[in-house]
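Working through the structure, step by step
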Amino acid sequence: MTQPRRQVIVHDSKDALVDSVAGRFIAEIVSLQSEQSRVSVCLTGGSVGIGVLAAVAASPLRNTINWGRIDLWWGDERWVPAHHADRNAQQAWDALLGSVEVPEANLHAFPAADSGLTLDEAAVKYAEDLRSAAAPGDDAVAFDLLFLGVGPDGHVASLFPRRGELDDAGTVVAIRDSPKPPPERLSLTMPVINKAQRVWLVVAGQDKASALGLALAGASVHLVPVAGVQGQRETIFFVDNDAAVDVPRELIDGND
Ligand SMILES: O=C(O)[C@H](O)[C@@H](O)[C@H](O)[C@H](O)COP(=O)(O)O
């Protein structure tokens, strides 16, 4: 098996980044749908991840994607009611999913805080959903494409530095006392993130520069969780100029 590809692509601004990634996303999904009957995509929360979805919605090419043949999952979720403004799935619906013909059955959102489940039961339920959609013998879906945002502390999904969840060998974890509000969340684990064929990280802002620079210079996953991210085929960091200031120059693949 060839070595997984890692790229850092720098954009002049956050707006340029989300527009470019939206275009690449549409092209990638159309290409994948020409090769396979269904495509699985794992979405992220965060302003840049949601910005990409809004840019997809604004694209005249958005319906070149066959929304009937794409399964959408989430990398993490805030433990809030189903239609709460802070909910990643609600933000994705508002930004894009409410504007395209994606069947309800294709949306695999985490249970919400008003689902009647406890936080721990919700984690178990999502793990069961991942397992039932996985290849035979596998414990979770191997996503064709998984998006991640990155926090100023290097967190991805809801996996934060120096926390036990980083070493969890399961598939879904319940998060309490999250450093990023709200305090209770649900998250995929690092093994499930890294099972994805393609991982696209979307990172903007000066406040991310240090964590990104540390991660790309080889810091440990416990210090900056983004350091532990590695897709099976590719890992692409889409960053704006502000977030790229501490990235070793030799790692930058040019500007989009
Ligand atoms: O639920 C969440 O909050 C996100 O999943 C989180 O991991 C986010 O992606 C990062 O905090 C980056 O957020 P920004 O893109 O807004 O910087």
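Residues numbered from 1 in each chain as written. Predicted model: local features only at pLDDT ≥ 70, side-chain atom pairs only at ≥ 80, totals over all residues. Heavy atoms only, no water.

Per an unreviewed UniProt entry, the chain goes by 6-phosphogluconolactonase and derives from Homoserinimonas hongtaonis. UniProt lists a comment for the chain under the heading Sequence similarities (unreviewed entry), and it reads "Belongs to the glucosamine/galactosamine-6-phosphate isomerase family. 6-phosphogluconolactonase subfamily." (UniProt positions renumbered as here; feature names shortened; annotations may be inferred.)

**Things to note about the sheet that holds strand β8 (residues 185-188)**
Spatial ordering of the open sheet is given by β4-β8-β7, a layout of three strands whose pairing is antiparallel. Strand pairing shows two members of the sheet lacking a second neighbour, β4 (76-78) and β7 (172-175), which therefore form its edges. Within this sheet the neighbouring strands show an average axis-to-axis angle of 15°, counted without direction. Relative to β8, β4 runs antiparallel, the two sharing three bridges. (Pairing = 2+ DSSP bridges. Helix = DSSP H or I, 4+ residues; strand = E, 2+ residues; numbered from the N terminus. Axes fitted to C-alpha atoms, helices over the stretch in contact; angles between N-to-C directions.)

**Digging into the nonpolar core**
Phe25, Val41, Phe143, Phe147, Leu188 and Leu201 are the most contacted members of the largest nonpolar core, which totals 87 residues. When neighbours within four sequence positions are excluded, Phe25 is seen to be in contact with Val41, Val56, Ile65, Ile70, Leu145, Phe147 and Trp200. (Core = buried A, V, L, I, M, F, W, Y, C linked by side-chain atoms within 4.5 Å. Buried < 20%, exposed > 50% of the residue type's maximum accessible area, 1.4 Å probe, protein only. Contact = heavy atoms within 4.5 Å.)

**Section: the UniProt feature "domain: Glucosamine/galactosamine-6-phosphate isomerase" (unreviewed entry) in the chain**
Here the UniProt-annotated "domain: Glucosamine/galactosamine-6-phosphate isomerase" (unreviewed entry) positions come out as residues 13-235. Secondary structure over residues 13-235 splits into 31% helix and 16% strand, and the C-alpha atoms at its two ends are 20 Å apart.

**Considerations on the pairing of strand β6 (residues 145-149)**
Summarising burial for β6: five of the five residues are buried, a large majority. Side chains Leu145, Phe147 and Gly149 of β6 all project onto a buried face; the interleaved residues Leu146 and Leu148 project onto the opposite face, where all are buried too. Pairing geometry for strand β2 (residues 39-43) and β6, over two bridges, is parallel. The partner of Cys42 across the bridge, within β6, is Leu146.

**Focus: the site of the ligand**
Of all residues adjacent to the ligand, which total 15 residues, the nearest are Ser47, His155, Ala157, Lys180 and Lys208. Ser47 is positioned with one of its backbone polar atoms (N or O) 2.7 Å from an oxygen atom of the ligand. Note that an oxygen atom of the ligand is positioned 2.8 Å from one of the side-chain N or O atoms of Asp76. Taking 420 Å² as the accessible area of the ligand by itself, protein coverage stands at 92%. For the shell around the ligand, the secondary-structure elements that each account for two or more residues are α2 (47-58) and β4. Looking at the shell around the ligand residue by residue, the classes come out as three nonpolar, seven polar and five charged. (Near = heavy atom within 4 Å. Polar contact = N/O pair within 3.5 Å; in protein donor to acceptor, adjacent residues only side chain to side chain. Areas by Shrake-Rupley, 256 points an atom, 1.4 Å probe, with all protein chains shown as cover. Nonpolar A, V, L, I, M, F, W, Y, C, P; charged D, E, K, R; others polar.)

**Some thoughts on unusual backbone geometry**
At the junction of Pro181 and Pro182, the peptide bond is cis and its omega measures out at -5° in the coordinates. Within the secondary structure, Pro182 is located in the loop between β7 and β8. Although it is not a glycine, Ala157 adopts a positive phi angle of roughly 50°. As for its placement among the helices and strands, Ala157 is situated in the loop between β6 and β7. Of note in this structure, Asp177 is not a glycine but carries a positive phi near 55°. Within the fold, Asp177 resides in the loop between β7 and β8.

**Quick look at the environment of Val245**
Relative to the elements of secondary structure, Val245 occurs in the loop between α7 (241-244) and β11 (252-255). Along the chain, Val245 and Pro111 lie 134 residues apart, while their C-alpha atoms are 38 Å from each other. Residue contacts for Val245: discarding those within four places in its chain leaves Gln206 and Ala209.

**What to know about the packing of helix α1 (residues 14-35) against α2**
At a minimum axis separation of 8 Å, α1 and α2 run at an interaxial angle of 60°. On the basis of the axis angle, α1 is oblique to α2. α1 and α2 meet at a crossing whose hand is right-handed. Residues Lys14, Leu17, Val18, Asp19, Val21, Ala22, Phe25 and Ile26 of α1 form the contact with α2, whose participating residues are Ser47, Val48, Gly51, Val52, Ala55 and Val56. For the contact of α1 with α2, a count of residues per class yields 10 nonpolar, two polar and two charged. (Parallel < 35°, antiparallel > 145°, perpendicular 65-115°, else oblique. Left-handed = near helix turned anticlockwise from the far one by under 90°.)

**Observations concerning the packing of aromatic side chains**
Tallied over the full model, the rule gives six aromatic pairs. Taking the centre distance of 3.7 Å and the plane angle of 20° together, the rings of Phe110 and Tyr126 count as stacked. Taken together, the residues Phe110 in the loop between β5 (107-108) and α4 (119-132) and Tyr126 in helix α4 connect sequence positions 16 residues apart. Both rings, one in Phe147 and one in Trp200, keep their centres 5.9 Å apart while their planes meet at 85°; by these two values the pair is edge-to-face. Of the two residues, Phe147 sits in strand β6 while Trp200 sits in strand β9 (residues 198-203), which places them 53 residues apart along the sequence. (Phe/Tyr/Trp six-rings, centres within 6.5 Å; stacked < 30°, edge-to-face > 60°.)

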